[in-house]
Amino acid sequence: MESQLAQQAKTVGEAAPGPFASFVRFVVCGGGIGVLSSGAVALLADAMPWVVANAVITVASTVLCTELHALFTFGTGERAGWRRHWQSAGSATAAYAVTSLAMLILHLVQSSPGMLTEQVVYLSASGLAGTGRFLVLRLFVFAGGRNQEQARDQGLEQDRDRAFARKAAAARRRVVSVPTRLPNRVLTPAALAVGS
């Protein structure tokens, strides 16, 4: 039989990060991979058309980011499976559509906007799309592992509480009743001596 300490060590793990910590990790991972991806596209575009290079790097960076988000950003403790990869790819496609739509609308409103205006609109749309993507990933794509883990931990905690209550009830039943009256005679050290 294992000791309670050994059993407890199996159930105690690193808790999933909170919303703020997850968001900071999301920005760091996504931003870091985004910067690396832009350099990779530029290098790869020397060997193939830019559109193809961008597609290849986008797929690779989305796969890498999904793994990082599963393991680091949202702390699921496991690698992302196919379902999470497809859901993440869907949210990345939606974010791409939002930024493209924002740029299309800008060019419909202003026939030749300046570079600063384009950057402000693109970065604003990217920020909005990124926030939306973070919410989708946190609440839907990576929520299952965290919620299942929390439910399992709560179940284990309830099991421990029930076991403690059973042991306490058993201990109460085993308590020997203590007499409430003392004997009439007083015990003296001489009376306690062996053989007296």
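Residues numbered from 1 in each chain as written. Predicted model: local features only at pLDDT ≥ 70, side-chain atom pairs only at ≥ 80, totals over all residues. Heavy atoms only, no water.

1. Looking at the overall build of the chain
Note the cut-off: The way it works is that DSSP assigns letters per residue, a run of H or I at least four long becomes a helix, a run of E at least two long becomes a strand, and they are numbered from the N terminus. Note on classification: 1.4 Å probe, protein chains only; a residue is buried when its accessible area is under 20% of the maximum for its type, exposed when over 50%, partly exposed between these limits. Here, residues are in contact when the closest pair of their heavy atoms is within 4.5 Å. Here the open area of atoms and residues is found with the Shrake-Rupley method and a 1.4 Å probe, where only the protein chains shown may cover a residue.
Helix and strand content of the chain: seven helices and zero strands. The order of α-helices and β-strands along the chain, N terminus first, is α-α-α-α-α-α-α. Out of the 196 residues in the chain, the part that is buried amounts to 22%. Sequence separation of 24 or more characterises 62% of the internal contacts of the chain that already satisfy a separation of 6 or more. As displayed, the chain offers around 14,300 Å² of accessible surface, 67% of which is attributable to carbon and sulfur atoms.

2. Thoughts on a nonpolar patch on the surface
Our working rule: Residues form patches when they are more than 30% accessible in relative terms and have no salt bridge. Like charges link within 9 Å. Nonpolar side chains (Val, Leu, Ile, Met, Phe, Trp, Tyr) link within 5 Å. Counted as salt bridges are all cases of a side-chain nitrogen of Lys or Arg within 4 Å of a carboxyl oxygen of Asp or Glu.
On the surface, a nonpolar cluster with roughly 530 Å² of combined accessible area is contributed by Leu101, Leu104, Ile105, Leu108 and Val109. If you trace the backbone, Leu101 turns up in helix 4 (residues 82–109). Here Leu101 falls in the partly exposed class, since its relative accessible area comes to 48%.

3. Here we look at the nonpolar core
Filter applied, for reference: Think of a nonpolar core as a cluster: buried Ala, Val, Leu, Ile, Met, Phe, Trp, Tyr and Cys residues, connected wherever their side-chain atoms sit within 4.5 Å.
By size, the foremost hydrophobic cluster in this structure holds eight residues: Phe26, Ala70, Phe74, Ala80, Phe134, Leu137, Val141 and Phe142. Top element by residues in this core is helix 5 (residues 115–141). It accounts for three residues.

4. Here we look at the packing of aromatic side chains
How we decide: Aromatic contacts are taken between Phe, Tyr and Trp rings whose centres are within 6.5 Å, Trp giving its six-membered ring; a plane angle under 30 degrees counts as stacked, one over 60 as edge-to-face, and the others as tilted. Placement of a positive charge over a ring is assigned whenever Lys NZ or Arg CZ falls within 6 Å of the ring centre and within 35 degrees of the normal to the ring plane.
Following the criterion strictly, the structure yields four aromatic pairs and no others. Centroid distance Phe74 to Phe142: 5.2 Å. Interplanar angle 20°. Geometry classified as stacked. A residue pair is termed long-range when its members are at least 10 positions apart, and Phe74 in the loop between helix 3 (50–73) and helix 4 and Phe142 in the loop between helix 5 and helix 6 (143–174) qualify at 68 residues. Each member of the pair, Phe74 as well as Phe142, carries the same accessibility label: buried. One aromatic cluster in this structure is built from Phe23, Phe26, Phe74, Phe134 and Phe142. Just above the ring of Phe72 sits the side chain of Arg25; from NZ or CZ to the centre is 4.6 Å.

5. Considering the packing of helix 3 against helix 4
Applicable threshold: For every element, the axis is a line fit to its C-alpha atoms; helices are fit only across the contacting stretch, and the angle between N-to-C directions ranges from 0 to 180 degrees. Each angle receives one of four descriptions, namely roughly parallel if under 35 degrees, roughly antiparallel if over 145, roughly perpendicular if within 65 to 115, and oblique otherwise. Left-handed describes a crossing in which the near helix is turned anticlockwise from the far one by less than a right angle; the clockwise case is right-handed.
Running from N to C, helix 3 and helix 4 cross one another at 120°; their axes reach a closest spacing of 10 Å. By the angle between their axes, helix 3 is oblique relative to helix 4. Of the two possible hands of crossing, helix 3 and helix 4 adopt the one that is right-handed. Of helix 4, the residues touching helix 3 (which contributes Thr62, Val63, Thr66 and Glu67) are Arg84, His85, Ser88, Ala89 and Ala92.

6. Here we look at the confidence of the model for the chain
Detailed reading of the predicted coordinates is not advisable wherever pLDDT falls low. To keep it simple, the criterion reads: The predictor reports its confidence for every residue as pLDDT, a score running from 0 up to 100.
Taken residue by residue, the chain gives an average pLDDT of 76. The fraction at 70 or more is 72%. Ranking the elements of the chain by mean pLDDT puts helix 1 (residues 4–11) last with 42 and helix 4 first with 88. Considering only residues more than four positions removed or in separate chains, one finds that residues 1–13, a stretch of pLDDT under 50, has six contacts.

7. Examining the pattern of salt bridges
For the structure on display, the rule yields two salt bridges. Among the salt bridges present, the one from Glu67 reaches Arg79, with a minimum N-O distance of 3.1 Å. Taken as a pair, Glu67 in helix 3 and Arg79 in the loop between helix 3 and helix 4 lie far apart in primary sequence, 12 residues in all. On the basis of relative accessibility, which here comes to 12%, the residue Glu67 falls in the buried class. Its relative accessible area of 61% is what places Arg79 among the exposed residues. A salt bridge links Glu78 to Arg84, with the shortest nitrogen-to-oxygen separation between them at 3.4 Å. Glu78 sits in the partly exposed class, given a relative accessible area of 41%.

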